[in-house]
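The chain contents come next:
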Amino acid sequence: MADSSDTWDGVESGQLGELRARAEARQAPDDREVSSLSHDEARKLIHELNTHQIELQMQNEELRRAQAELSESRDRFVDLYDLAPVGYATVNLKGMICELNLTLAEMLGAARSKLVGAPLSRVVLDEDQDAFYFLRREIIHTGAPANVELRLQTRGREPFWVNLSASLVGEEDGAQLRVVFSDITDRKQAEDAVRASEQRFRTITESSGDAIFVANIQGEYVYVNEAASELLGYSADELMKMTIADISAEEVDANDRDSFQALMAEGRIFTELDLRKKDGSTVAVDINAVVLPNGLMHASCRDITARKAMEAQLAQADRLSSMGTLAAGIAHEINNPLTYVLYNLQSLAQDLPGLITAVALLTNDLGPERCRQLLGAAAERVSAQRFSELLECA
């Protein structure tokens, strides 16, 4: 810095000496007339010279102040240019780098001096050379600003994405391209992650056996999987033009509205609904629906027709089992008295031969008429006694 200051001071001293010599040359003819001036004229001249000197000093101070402000402004511009968060470059129409800031030099991993004069295409990835070429051609032919996303390659770093915005400045031979480089690698990685997530989602949903519906807040479908088309008989394009109300069975519309309101209020529902198919029939489904963070509604529906049929069969079997149990109880209640009657009949059959013999003997001894009288009286007493025993056993 001392050498530069000494050089500048030398240059300034030389310029001042030259100006002084030129001033004296212009002043020389007037020196011959100074002797002829009166005292008052000389004093007035000296006053004017002093005033002019002061004016020159003030102008000099103003120039120095303006120079300092200009130098400060230039330093601010240099800081803003070199330390900007994006890369700046000036490129001629042949694609050669004329000027660039420090941010771009650091982005490209090379010294600024080595990049000036080098073709910008040298740092563009081979796969993106066509995109860069067409961008330059479009700007040169139309004169309108344009931008493109492409990848740059540098030593010691993986290729990275930039948004390259360029505009044409100047005219004819002096025309140049002002180019802005914005690193968008993080954004591209995020976009790739989103695409990968969407692909995983589609892979899972398309391979799912459950019908999956995604609808917006208006109830319009924004996505359906193949299982949904197979369940209802509509094509995916047909379903994408429909709403939740279009596939709700008429007899459960009120329930659907209640379920929809519950979903919006609680953020999740699990219930059974009947959906209307394309042929007009209905299908019973278990529906598990949630409201996603982006406001969309995701519903997974499982056909429960077979389960419903099985439940009906089990209910019928339960009814038949209950009827069998009831019949067994009734049969038990009937069998108990019958068993007692059969036992008495068997006893009577065993005793009947002896009784007949006794009656025959008694008839011979007493005579038929007397015997009938005795048996009648005995029969009445026996019947009443047995009747009483039967009542006690029952």
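Anything mentioned here points back to the structure above.
Keep in mind it's a predicted model, so treat the numbers as computed, not measured. Every residue gets a number counted from 1 within its own chain, in the order that chain's sequence is written. In keeping with the predicted nature of the model, local features appear solely for residues at pLDDT of at least 70, side-chain atom pairs appear and are counted solely at 80 or more, and the whole-chain, interface and lining totals rest on all residues. Hydrogens and waters are ignored; side-chain quantities use all the structure's heavy atoms.

Focus: the packing of aromatic side chains
Step number 1: The pairing test for Phe, Tyr and Trp rings, Trp by its six-membered ring, is centres within 6.5 Å, and the orientation test on the planes gives stacked under 30 degrees, edge-to-face over 60, and tilted for anything in between. Tallying each qualifying case throughout the model produces 3 aromatic pairs.
Step number 2: Relative to phenylalanine 134, the ring of tyrosine 133 has its centre 5.4 Å away and its plane inclined at 65°; by these criteria the two rings are edge-to-face.
Step number 3: Taking the relative accessible area as the measure of exposure, phenylalanine 134 reaches 42% and is therefore partly exposed.
Step number 4: Between the aromatic rings of phenylalanine 213 and tyrosine 221, the centroid separation amounts to 5.3 Å while the plane-to-plane angle is 40°, which identifies the pairing as tilted. The pair phenylalanine 213 / tyrosine 221 is uniform in exposure class, with both members buried.
Step number 5: In our convention, an over-ring charge means Lys NZ or Arg CZ found within 6 Å of a ring centre and within 35 degrees of that ring's normal. Stacked on the ring of phenylalanine 160, the Lys or Arg arginine 157 has its end atom at 3.7 Å from the ring centre. The buried label goes to any residue with under 20% of its type's maximum accessible area, the exposed label to any with over 50%, and the partly exposed label to all in between, with areas taken from a 1.4 Å probe on protein chains only.

Some remarks on the sheet that holds strand β3 (residues 146-154)
Step number 1: Spatially, β2-β1-β5-β4-β3 is the arrangement adopted by the 5 strands of the open sheet, whose pairing is antiparallel. The open sheet has two free edges, formed respectively by β2 (97-100) and β3, since each of these has just one partner strand. Averaged over all pairs of adjacent strands, the angle between their axes in this sheet comes to 30°, without regard to strand direction.
Step number 2: By this definition, two strands are paired if DSSP reports at least two bridges between them. Put simply, DSSP marks the helices as runs of H or I at least four residues long and the strands as runs of E at least two long, and each gets a number from the N terminus on. Judged from the 8 bridges that link them, strand β4 (residues 157-169) and strand β5 (residues 176-183) form a sheet pairing that is antiparallel. Considered in β5, the bridge of valine 169 is made with glutamine 176.
Step number 3: In this analysis, two residues are considered to be in contact whenever any of their non-hydrogen atoms come within 4.5 Å of each other. Lines fitted to C-alpha atoms define the axes here, with helix axes fitted over just the stretch in contact, and angles between the N-to-C directions of these axes take values from 0 to 180 degrees. Those strands touched by helix α6 (residues 185-207) are β3, β4 and β5, and its axis lies near 115° from that of β4.

What about helix α5 (residues 129-142)?
Step number 1: End to end, α5 covers 20 Å across 14 residues, agreeing with the expected 20 Å (1.5 Å per residue, within 8%).
Step number 2: Within the sequence span of α5, burial applies to Phe132, Leu135, Arg136 and Ile139. Along the axis of α5, the buried positions cluster into a sector of 95°, meaning they face one direction only. Residues of α5 that are exposed and point over 90 degrees away from its buried face: Asp130, His141 and Thr142.
Step number 3: Residues of α5 that are buried in the fold lie against β3, β4 and β5.
Step number 4: Remark: glycine 143 follows α5 within two positions and exhibits a positive phi of approximately 75°. An expected span of 1.5 Å times one less than the residue number is assigned to each helix. Working definition: the arc comes from the directions between the helix axis and the C-beta atoms, pointing outward to the latter.

Remarks on α6
Step number 1: The terminal C-alpha atoms of α6 lie 33 Å apart, and with 23 residues this matches the ideal 33 Å at 1.5 Å per residue to within 8%.
Step number 2: Among all positions in α6, only Thr185, Lys188 and Thr205 are buried.
Step number 3: The elements touched by buried residues of α6 are β3, β4, β5, β6 (211-215) and β7 (221-224).

Focus on the side chain of serine 248
Step number 1: Mapped onto the elements of the fold, serine 248 is located in the loop between α8 (236-240) and α9 (253-266).
Step number 2: Distance and chemistry together define a polar contact, namely a pair of N or O atoms within 3.5 Å, with one atom able to donate a hydrogen and the other to accept it when in protein, and with adjacent residues in sequence counting only for side-chain atoms on both sides. Of the polar contacts made by the side chain of serine 248, one reaches the backbone oxygen of isoleucine 244; its length is 3.0 Å.

Overview of the nonpolar core
Step number 1: As used in this record, nonpolar core signifies buried Ala, Val, Leu, Ile, Met, Phe, Trp, Tyr and Cys residues forming a set joined through side-chain atoms within 4.5 Å. In this structure, Leu150, Leu152, Leu164 and Phe181 are the most contacted members of the largest nonpolar core, which totals 26 residues.
Step number 2: Among the secondary structure elements, those contributing two or more residues to this core are β1 (87-92), β2, α3 (102-108), α5, β3, β4 and β5.
Step number 3: Ignoring sequence-local partners within four residues, the contact set of phenylalanine 181 consists of Val86, Gly87, Ala89, Leu104, Met107, Leu120, Leu152, Val162, Asn163 and Leu164.
Step number 4: Residues Tyr221, Leu231, Leu232 and Ile287 belong to the second largest nonpolar core, which totals 22 residues.

So, to be careful, I would describe these as geometric facts and stop short of saying anything about function.
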